[in-house]
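# Structure at a glance
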Amino acid sequence: MEDMTIDEKLAVDKFHVDEGHEHICVDADASPSEIERLVKLCPAGLYRLDGTGRLTFDYAGCLECGTCLVVGLGGVVRSWSYPRGGMGVEFRQG
Ligand code: SF4
């Protein structure tokens, strides 16, 4: 497990994506410095900048760690909640 890359470790987890409920909503027009902070902090790498420097975000791979809730609510993060019951991440191997 120690020699695995982040992408390999994330690939072990299973995601039950709730297509009808975007549990985290973001503001792509938030301040660039706040966006850059979440690009660096999200452990799943879901906050990304495209080729034009614009924020892209996909809640489907969320680890539900709460980092962006603590750091970004009221700025980049417009709303945050857990996925509905039975949905979201299923951790494997601890
Ligand atoms: S809760 Fe954690 S994993 Fe999910 S989007 Fe926010 S920082 Fe990323």
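Structural data are supplied above this passage.
This section reports on the structure supplied with the text. (Residues numbered from 1 in each chain as written. Predicted model: local features only at pLDDT ≥ 70, side-chain atom pairs only at ≥ 80, totals over all residues. Heavy atoms only, no water.)

Within the structure shown, the criterion is met by 2 cavities of 30 Å³ or more. In this model, the largest cavity occupies a volume close to 110 Å³. Considering the residues around the largest cavity, the lining is formed by 16 residues, among which Cys42, Tyr47, Cys62, Cys65 and Cys68 are closest to the centre. In terms of residue class, the lining of the largest cavity is made up of 13 nonpolar, 2 polar and 1 charged. (1 Å grid on protein atoms, 1.4 Å probe; cavity = no way out; pocket = protein on both sides within 12 Å on 5 of 7 lines; lining within 4 Å. Points joined across faces, edges and corners; volume = space filled by probe spheres on them. Nonpolar A, V, L, I, M, F, W, Y, C, P; charged D, E, K, R; others polar.)

Judged by nonpolar contacts, the single largest core of 20 residues is most densely connected at Ile24, Val26, Tyr47, Phe57, Cys68, Val76 and Val77. Listed by contribution, the elements that provide at least two residues to this core are β2 (24-26), α2 (32-41), β4 (55-57) and β5 (77-80). What Tyr47 contacts, discounting residues up to four positions off in sequence, is Ile24, Val26, Leu38, Val39, Cys42, Leu55, Thr56, Phe57, Cys68, Val76 and Val77. (Core = buried A, V, L, I, M, F, W, Y, C linked by side-chain atoms within 4.5 Å. Buried < 20%, exposed > 50% of the residue type's maximum accessible area, 1.4 Å probe, protein only. Helix = DSSP H or I, 4+ residues; strand = E, 2+ residues; numbered from the N terminus. Contact = heavy atoms within 4.5 Å.)

By nearness alone, 14 residues border the ligand, and Cys42, Cys62, Leu63, Cys65 and Cys68 come closest of all. Its residues assigned to classes, the shell around the ligand comprises 11 nonpolar, 2 polar and 1 charged. (Near = heavy atom within 4 Å.)

Here the focus is the environment of Pro83. With respect to the helices and strands, the residue Pro83 is situated in the loop between β5 and β6 (88-90). We classify Pro83 as buried; its relative accessible area is 13%. For the pair formed by Pro83 and Asp18, sequence separation is 65 residues and the distance between their alpha carbons is 7.0 Å. The contact partners of Pro83, leaving out residues within four places of it in the chain, are His21, His23, Glu64 and Gly88.

To describe a pair of aromatic rings, you give the distance between the ring centres and the angle between the ring planes. Applying the stated criterion to the full structure yields 2 aromatic pairs. Ring centres of Tyr47 and Phe57 lie 4.6 Å apart, and the angle between their planes is 45°; this geometry places the pair in the tilted category. One end of the pair, Tyr47, is in strand β3 (residues 47-49); the other, Phe57, is in strand β4, with 10 residues separating them in the sequence. Residues Tyr47 and Phe57 agree in their burial class; the two are buried. Ring centres of Trp80 and Tyr82 lie 4.9 Å apart, and the angle between their planes is 75°; this geometry places the pair in the edge-to-face category. Residue classification places Tyr82 among the exposed residues on the basis of a relative accessible area of 52%. (Phe/Tyr/Trp six-rings, centres within 6.5 Å; stacked < 30°, edge-to-face > 60°.)

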